[in-house]
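Remarks on the overall topology
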Amino acid sequence: MLFQCELLSDALHTAVRVFVILPGLKRSPEGKCLPSREQNFPMLTLCHGAYDNGSCWIRKTNIERYAEEKGLAVVMPSVANSFYTDARLGEAYFTFVTQELPEQVRAIFPLSDKREENFIAGLSMGGYGAMKAALTYPEHYAAGASMSGVLDIVHRVKESAKEKKPGIDLQGIFLSEGRTLEGTANDLLYLLETADTAKLPRLYACCGTSDVLLPESRAFRDKAAEMGIPLAYEEGPGDHEWDFWDRYIRKILDWMVPGTDSPVNMESR
């Protein structure tokens, strides 16, 4: 079942479009609808990339079918080009996604609030957002996953400052006057350095071998190894593209949801 709704956010001072997938209803031998399960559904918050919105997962992947196979609910918010961040010049999207969104969707849909039944994942900009949420609020999630993520945001902001073409204003999102991004709560490598390893959720990252963001995924992998933080890490053929993400979101669900097999050929480092 697929739902589209608009939630009023206090953090953002506006309505936000959110897409929700729920496993389908089961029927009795007499044909009557039955509750799919007595308890609330496990919940995956699935984060989109830049220049897109929450509907992209439904339009461009088979996530609805994959989630149905797992008995998993999927919540897909639309956050513009916010980088899932409480921006210096902008709105508080990180607060919305990590605080308001779970509370609101659980008030409407039968979704679990148990840590062991909550997960977060995303691609590109959303890979950054998912990993930041998992590292910042490890008590909220059993697992966090990034596909082709912008995982070295310090490097990415520096590179964006050199570019002549118009793009997302990363300086406006991340940098206060006279301050640097390195060593802040938005720097994922710093979050790895300061994390309490024993409290972290399971972490996963993957990237295509032809992807421009591959060096950032490897930098994150290497920092996790340096800090002794377990990270399931995988590379495979592909670019920054939906064919890659459709393949790997299915592998991530196999790894993420308890009682299923881990992705094929995954390395833990």
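Look up a bit, the structure's there.
Rules and cut-offs
Residues numbered from 1 in each chain as written. Predicted model: local features only at pLDDT ≥ 70, side-chain atom pairs only at ≥ 80, totals over all residues. Heavy atoms only, no water. Helix = DSSP H or I, 4+ residues; strand = E, 2+ residues; numbered from the N terminus. Buried < 20%, exposed > 50% of the residue type's maximum accessible area, 1.4 Å probe, protein only. Contact = heavy atoms within 4.5 Å. Areas by Shrake-Rupley, 256 points an atom, 1.4 Å probe, with all protein chains shown as cover. 1 Å grid on protein atoms, 1.4 Å probe; cavity = no way out; pocket = protein on both sides within 12 Å on 5 of 7 lines; lining within 4 Å. Points joined across faces, edges and corners; volume = space filled by probe spheres on them. Nonpolar A, V, L, I, M, F, W, Y, C, P; charged D, E, K, R; others polar. Salt bridge = Lys/Arg side-chain N within 4 Å of Asp/Glu carboxyl O. Core = buried A, V, L, I, M, F, W, Y, C linked by side-chain atoms within 4.5 Å. Phe/Tyr/Trp six-rings, centres within 6.5 Å; stacked < 30°, edge-to-face > 60°. Lys NZ or Arg CZ within 6 Å of the ring centre and 35° of its normal.

When helices and strands are tallied, the chain shows nine helices and 11 strands. Burial status across the chain gives 54% buried among its 269 residues. Considering only intrachain contacts with a sequence separation of at least 6, the fraction spanning at least 24 residues in the chain is 72%. For the chain, the exposed surface amounts to about 12,400 Å²; the carbon and sulfur share of it is 48%.

Unlike most non-glycine residues, His13 shows phi in positive territory, near 60 degrees. With respect to the secondary-structure elements, His13 resides in the loop between strand S1 (2-9) and strand S2 (14-21). The exposure class assigned to His13 is exposed, which follows from its relative accessible area of 65%.

It is worth spelling out the layout of surface pockets at this point. There is about 640 Å³ of room inside the largest pocket. Contributions of two or more residues to the lining of the largest pocket are made by helix H5 (153-162), helix H6 (170-174) and helix H9 (242-256). Here the lining of the largest pocket takes four residues from H5, the largest share from any one element. Grouping the constituent residues of the lining of the largest pocket by class yields 14 nonpolar, six polar and six charged.

Under the defined criterion, the tally for this structure stands at 14 salt bridges. Here Arg250 and Glu69 are joined by a salt bridge, their closest N and O atoms 3.3 Å apart. Here Arg250, found in helix H9, pairs with Glu69, found in helix H2 (residues 63-70); they are 181 residues apart in sequence, far enough to count as distant. Judged by relative accessible area, which is 33%, Arg250 ranks as partly exposed. The class of Glu69 is partly exposed, set by a relative accessible area of 47%. Across the salt bridge formed by Glu226 and Lys223, the nearest N and O atoms sit 3.5 Å from each other. Linking Glu226 with Lys223, this pair stays in helix H8 (residues 214-226), spanning three residues, or about one helical turn. The buried category is assigned to Lys223, whose relative accessible area is 13%. Overlapping salt bridges bring together Arg218, Arg221, Asp222 and Glu235 as one network.

A few words on the nonpolar core. General note: in soluble globular proteins, nonpolar side chains tend to be found buried as a group. Phe83, Leu111, Leu135, Phe174 and Phe220 are the most contacted members of the largest nonpolar core, which has 58 residues in total. Look past the residues within four positions of Leu111 in its chain and what remains in contact with it is Leu22, Asn40, Phe41, Met43, Ala73, Val75, Val105 and Arg106. By size, the runner-up hydrophobic cluster in this structure holds 32 residues, among which are Ala143, Ala232, Trp242 and Ile249.

The next thing to look at is the packing of aromatic side chains. Each aromatic ring pair is described using two quantities: the centre-to-centre distance and the angle formed by the ring planes. Within this structure, the stated rule accounts for nine aromatic pairs. Considering the side-chain rings of Phe3 and Phe109, the 5.2 Å spacing of their centres and the 55 degrees angle between planes classify their relative orientation as tilted. Taken as a pair, Phe3 in strand S1 and Phe109 in the loop between helix H3 (93-108) and strand S7 (118-123) lie far apart in primary sequence, 106 residues in all. Summarising the aromatic geometry, the rings of Phe244 and Tyr248 are spaced 4.2 Å apart at their centres and angled 25 degrees between planes, so their arrangement reads as stacked. With Phe244 and Tyr248 both in helix H9 and four residues apart, this pair spans about one turn of that helix. Each member of the pair Phe244 and Tyr248 is classed as buried. These aromatic residues form a ring-pair network of at least three members: Trp57, Trp242 and Trp245. A cation sits over an aromatic face here: Lys132 above Phe94, 4.6 Å from the ring centre. Note that Arg202 overlies the ring of Trp255, its terminal NZ or CZ placed 4.6 Å from the centroid.

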